[in-house]
Amino acid sequence: MSFFGAILDAISNASEEVTSKQKEYESEFATMSDFELKRAYRDAENRPYSNGFLDGIARTDALNKECVARGFIISKSKAWEIQTEWKARYDRMFGWRLKSEYEELNRQYLSYWSDDSTLFQASMLKPRLKALEQARKERSK
């Protein structure tokens, strides 16, 4: 087998492993209570690859799908849409306003993140926070 054939074979095997692991996680997460699922989401956010890279990918994807389906977090496409919209707004703000906005959003995000009942609000603030961090980073260059 050629070098490129071996690489393609390895990619195919990894893809099959991720898909099978993902299905296992999907069935596991579907049986969890809301509280358990929220705790699993927080744990995965803090340590996404604790059981290995491929396992982390499968677990994170299955967990995100279940959390979006139950309404605990927003989808990645919705997060990207929010981030893009807010990035355009932040690009027009003055530097001092960006700093105060960042401090307020960060405080609010951390308080939402620590409470199970406000996990959805935290997921709505996260894209805004990323857009704000990006705008501040661009200005500091």
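Quantities reported herein were computed from a predicted structural model and do not represent experimental measurements. (Residues numbered from 1 in each chain as written. Predicted model: local features only at pLDDT ≥ 70, side-chain atom pairs only at ≥ 80, totals over all residues. Heavy atoms only, no water.)

Draft legend 1. Region of interest: helix 2 (residues 34-46). Given a rise of 1.5 Å per residue, 13 residues ought to cover 18 Å, and the 19 Å separating the end C-alpha atoms of helix 2 matches this to within 8%. Here the buried face of helix 2 lies against helix 1 (3-30), helix 3 (53-70), helix 5 (95-113) and helix 6 (119-140). (Helix = DSSP H or I, 4+ residues; strand = E, 2+ residues; numbered from the N terminus. Expected span 1.5 Å × (residues − 1). Contact = heavy atoms within 4.5 Å.)

Draft legend 2. The arrangement of the packing of helix 4 (residues 76-91) against helix 6 in detail. Packing of helix 4 against helix 6 leaves a shortest axis separation of 8 Å and a crossing angle of 40°. Between helix 4 and helix 6, the angle falls in the class oblique. Handedness of the helix 4/helix 6 crossing: right-handed. Across the interface between the two elements, Ala79, Ile82, Gln83, Trp86, Lys87, Tyr90 and Asp91 of helix 4 pack against Met124, Pro127, Arg128, Lys130, Ala131, Leu132, Gln134, Ala135, Glu138 and Arg139 of helix 6. Classifying every residue of the contact of helix 4 with helix 6 gives nine nonpolar, two polar and six charged. (Axes fitted to C-alpha atoms, helices over the stretch in contact; angles between N-to-C directions. Parallel < 35°, antiparallel > 145°, perpendicular 65-115°, else oblique. Left-handed = near helix turned anticlockwise from the far one by under 90°. Nonpolar A, V, L, I, M, F, W, Y, C, P; charged D, E, K, R; others polar.)

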